[in-house]
Every structure is written in C-alpha cells, then in structure tokens.
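Secondary and tertiary structure notes
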Amino acid sequence: MNWDQVEGNWKRFTGSIREQWGDLTDNDVQEVKGNREQLEGKIQAKYGKTKEEASHEVDKWLANQNDDQHTDPNDPHTRSA
C-alpha cells in the first residue's frame, strides 16, 4: 500500500489513525484529510516528536496497514490454517 491509497480512502483509515495516535482529536484527523505532511505535523505537535520521528512512525503505521491487508481473516487467500 502506498500513501496515495491512504489519502484516497482517508475515512476508512481514520479509526486506525486514532487508535495509533490516541492524543489526536477527531478534529485533528479530519483536518489532515489524508495529507501525510499534515499528519506528521500533528504527531509532532501532540507528542513532541521530531519531523524524522513522526515520519518514521507514519512509515511503521503504513507498513502495519500493509500487513493487516495481507492477513485479513475474512479473506480465504490470507487466512492461516
């Protein structure tokens, strides 16, 4: 998955964003509207992270979304036996 997919399906990912970064308010997440730089800025502001740290956290979150996509328990192609 790439960021364009997240941006294009932002509403689908807002719950996961809020779960990962619980200090972000619903308003914060809505203001981001899928813009990665804005998300990183919100993470920096709320958590006192550097730009690099915030970017790394978003990278890790995105990688987890990729993992979750490949291990969907409802998908017979990815279900573990």
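Reference entry: report on the structure contained in this document.

1. Remarks on the overall build of the protein
Within the protein, the secondary structure is distributed over five helices and zero strands. Element order for the protein, N to C, with α for helix and β for strand: α-α-α-α-α. With 81 residues in all, the protein has 28% of them scored as buried. Pairs at least 24 residues apart make up 38% of the contacts formed inside the protein by residues separated by at least 6 positions. Surface summary for the protein: the accessible area is close to 5,500 Å², and the carbon and sulfur share equals 42%.

2. Quick notes on the pattern of salt bridges
Applying the stated criterion across every chain yields a total of seven salt bridges. Between D26 and R18 there is a salt bridge, with the nearest N and O atoms lying 2.8 Å from each other. Take D26: its relative accessible area is 49%, and that puts it in the partly exposed class. The shortest N-O distance in the salt bridge between K42 and D28 comes to 3.8 Å.

3. Regarding the nonpolar core
Core analysis: the biggest nonpolar cluster contains 15 residues, and W3, W10, I17, W21, L39 and W61 have the highest contact counts within it. Put simply, the parts of the chain that give this core at least two residues each are α1 (3-8), α2 (10-20), α3 (26-32), α4 (36-47) and α5 (51-70). Contact partners of W21, with chain neighbours within four places excluded, come to L39, I43, Y47, E57, V58 and W61.

4. Re the environment of K33
When you line up the elements, K33 lands in the loop between α3 and α4. Judged by its relative accessible area of 64%, K33 is exposed. Linking K33 and K11, residues 22 residues apart in sequence, is a C-alpha distance of 8.3 Å. With residues up to four places along the chain from it excluded, the contact list for K33 reads E7 and W10.

Calculation notes
- Residues numbered from 1 in each chain as written.
- Predicted model: local features only at pLDDT ≥ 70, side-chain atom pairs only at ≥ 80, totals over all residues.
- Heavy atoms only, no water.
- Helix = DSSP H or I, 4+ residues; strand = E, 2+ residues; numbered from the N terminus.
- Buried < 20%, exposed > 50% of the residue type's maximum accessible area, 1.4 Å probe, protein only.
- Contact = heavy atoms within 4.5 Å.
- Areas by Shrake-Rupley, 256 points an atom, 1.4 Å probe, with all protein chains shown as cover.
- Salt bridge = Lys/Arg side-chain N within 4 Å of Asp/Glu carboxyl O.
- Core = buried A, V, L, I, M, F, W, Y, C linked by side-chain atoms within 4.5 Å.

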